[in-house]
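Here are the chains, one letter per residue:
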Amino acid sequence: MDRTTYRLQHETANIYPLGDVHLGSPACAWGAFKGAVRAAVRDPRAVVILMGDLFDAVLPGDKRFNADEPALALDRHYVSMRDALMPLKGRIAGVIEGNHEHKLTKLGVGSPVRRLAEDLGAPFLGFSGFVRILPCAKSDRGKWVHPAILDIYAHHGFVAGRKRGGKVNALEDFSLNFDADLYLMGHCHDAFDTKRVVVGFGGARQRYFCSTGTFHKTAEWGTMSYSEAKGYPIQALGAPRIRWEPNTRQRMDGDCRLNGRLKVY
């Protein structure tokens, strides 16, 4: 776990949590992922967090290895991933390692996402970490305005149940131990969001929870995948986009507070 800060260049931000691509799997929706990256590249307010399992990295001997497909070269996949993400260099706020990449770390091969973070000039956070989003300074009629700061806790995740309820519980349980405004979790290949209101001495504020989706098809024509064999539910492809407006006032429980606004698309 690690922490880092990222300062915005605009008054608002669009946060793109991208992960669970599984490049190297025959079920990887590489075209859909590149489309999501292009959307972030075209968005001047884009802030990207890479959520892990960018690479499938499944080796012979692993129960998830697909015997119908030849072993694919990780080096070639690394170059494809690096080249796809390079236009976002400078706008990647953090990089998370997934369980697929971590298996290579444990085998002594090394972490491809740690290397990717170095090439992209982005902070490597490990399995999880905090990203603090600092708004750009703003002057309103000669008076400095102090907008909200956004604290994000991102974790690759560990829940892979078939029902959504367990995933929601695991995601929201992060708030029992880690204090943040926005919680991001990958791994389960599901995309959903929830929110809760908490009250403290300063009044009420909202906490947002977001499961960050996937670019890996659950089943694919002409293949026999591990996810198909296990009967995992079909998941829609893609990732959410989260809009952060640090200068927006919200009225909660009668209190008008400058605590920013988050909206998940």
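Thresholds, definitions, all that
- Residues numbered from 1 in each chain as written.
- Predicted model: local features only at pLDDT ≥ 70, side-chain atom pairs only at ≥ 80, totals over all residues.
- Heavy atoms only, no water.
- Helix = DSSP H or I, 4+ residues; strand = E, 2+ residues; numbered from the N terminus.
- Buried < 20%, exposed > 50% of the residue type's maximum accessible area, 1.4 Å probe, protein only.
- Areas by Shrake-Rupley, 256 points an atom, 1.4 Å probe, with all protein chains shown as cover.
- Pairing = 2+ DSSP bridges.
- Axes fitted to C-alpha atoms, helices over the stretch in contact; angles between N-to-C directions.
- Contact = heavy atoms within 4.5 Å.
- Core = buried A, V, L, I, M, F, W, Y, C linked by side-chain atoms within 4.5 Å.
- Parallel < 35°, antiparallel > 145°, perpendicular 65-115°, else oblique.
- Nonpolar A, V, L, I, M, F, W, Y, C, P; charged D, E, K, R; others polar.
- Salt bridge = Lys/Arg side-chain N within 4 Å of Asp/Glu carboxyl O.
- Expected span 1.5 Å × (residues − 1).
- Arc of directions from axis to C-beta.
- Phe/Tyr/Trp six-rings, centres within 6.5 Å; stacked < 30°, edge-to-face > 60°.

Focus: the overall build of the protein
Here comes step 1: Per the secondary structure count, the protein includes six helices and 16 strands.
Here comes step 2: Evaluated residue by residue, the protein yields a buried proportion of 51% over its 265 residues.
Here comes step 3: Per element, the accessible surface of the protein, about 13,000 Å² overall, is 51% carbon and sulfur.

What about the sheet that holds strand β10 (residues 182-185)?
Here comes step 1: With respect to topology, six strands assemble into an open sheet ordered β1-β6-β9-β10-β12-β11, the strand pairing being mixed. The open sheet has two edge strands, β1 (2-7) and β11 (191-200), and neither has a second partner. Strand-to-strand, the axes of this sheet are offset by a mean angle of 20°, without reference to chain direction.
Here comes step 2: With six bridges joining them, strand β6 (residues 128-134) and strand β9 (residues 150-155) adopt antiparallel strand pairing. Counterpart to I133 in the pairing with β9 is L150.
Here comes step 3: Helix α5 (residues 164-173) contacts β10, β11 and β12 (203-212) of the sheet and is inclined by roughly 40° relative to β11.

A short note on the nonpolar core
Here comes step 1: In this structure, L18, F33, L50, M81 and L85 are the most contacted members of the largest nonpolar core, which totals 31 residues.
Here comes step 2: Secondary-structure elements contributing two or more residues to this core are β2 (13-18), α1 (30-42), β3 (46-50), α2 (74-85), β4 (92-96) and α4 (112-120).
Here comes step 3: For this core, the element with the most residues is α1, which contributes five residues.
Here comes step 4: The residues contacting L85, other than those within four sequence positions of it, are F33, V37, L50, I92, L116 and L120.
Here comes step 5: If you look at the next biggest cluster of nonpolar residues, it comprises 23 residues, including A13, V47, L184 and Y208.

Some remarks on the side chain of K167
Here comes step 1: Structurally, K167 is set in helix α5.
Here comes step 2: What makes K167 buried here is its relative accessible area of 2%.
Here comes step 3: Once you skip the residues sitting within four places of it in the chain, K167 turns out to touch V159, G161, M185, C188, D190, F192 and Q235.

Some details on the packing of α1 against α2
Here comes step 1: Put simply, α1 and α2 touch, their axes get as near as 10 Å, and they point 25° apart. On the basis of the axis angle, α1 is roughly parallel to α2. Residue-level inspection shows W30, F33 and V37 of α1 in contact with α2, the latter providing S80, M81, A84 and L85.
Here comes step 2: Tallied by class, residues from the contact of α1 with α2 come to six nonpolar, one polar and no charged.

Things to note about the pattern of salt bridges
Here comes step 1: Scanning the model with the defined rule gives 11 salt bridges in all.
Here comes step 2: In this structure, R164 and D190 form a salt bridge, with 2.8 Å as the shortest nitrogen-oxygen distance. Taken together, the positions of R164 in helix α5 and D190 in the loop between β10 and β11 put the pair 26 residues apart, joining distant regions of the chain.
Here comes step 3: With its nearest N and O atoms 2.8 Å apart, the salt bridge here joins R205 to D181. Linking R205 in strand β12 with D181 in the loop between α5 and β10, this pair joins segments that are 24 residues apart in sequence.
Here comes step 4: For R205, a relative accessible area of 23% gives the class partly exposed.
Here comes step 5: It is possible to trace a salt-bridge network through shared partners that takes in D179, D181, R205 and R207.

Things to note about the pairing of β6
Moving residue by residue along a regular strand, the side chains alternate between the two faces of the sheet.
Here comes step 1: Counted residue by residue, β6 has five buried out of seven residues, so it is predominantly covered.
Here comes step 2: With six bridges connecting them, β1 and β6 associate as parallel partners. In the sheet register, R3 faces β6, and the bridge partner there is F130.

Considering α1
Here comes step 1: The first and last C-alpha atoms of α1 sit 18 Å apart over 13 residues, in line with the 18 Å expected at 1.5 Å per residue.
Here comes step 2: Listed as buried for α1 are W30, F33, A36, V37 and A40. Along the long axis of α1, the arc covered by the buried residues comes to 125°, so they all point the same way.
Here comes step 3: In the core, the buried residues of α1 are packed alongside β2, β3 and α2.

Regarding the packing of aromatic side chains
Here comes step 1: What the rule picks out here adds up to 10 aromatic pairs.
Here comes step 2: Aromatic side chains F33 and F215 sit 5.4 Å apart centroid to centroid with 75° between the ring planes, which places their arrangement in the edge-to-face category. Here the residue F33 occupies a position in helix α1, and F215 occupies one in the loop between β12 and α6 (226-229), the gap between them amounting to 182 residues.
Here comes step 3: On the basis of relative accessibility, which here comes to 0%, the residue F33 falls in the buried class.
Here comes step 4: When its relative accessible area of 1% is taken as the criterion, F215 is described as buried.
Here comes step 5: A centroid spacing of 4.9 Å and a plane angle of 10° characterise the contact between Y183 and F209, whose relative ring orientation is stacked. Taken together, the positions of Y183 in strand β10 and F209 in strand β12 put the pair 26 residues apart, joining distant regions of the chain. By the burial criterion, Y183 is buried, and F209 matches it.
Here comes step 6: Site record: aromatic cluster; members linked through ring pairs are F130, Y153, F158, F174, F178, Y183 and F209.

That is the geometry; function is a separate question.
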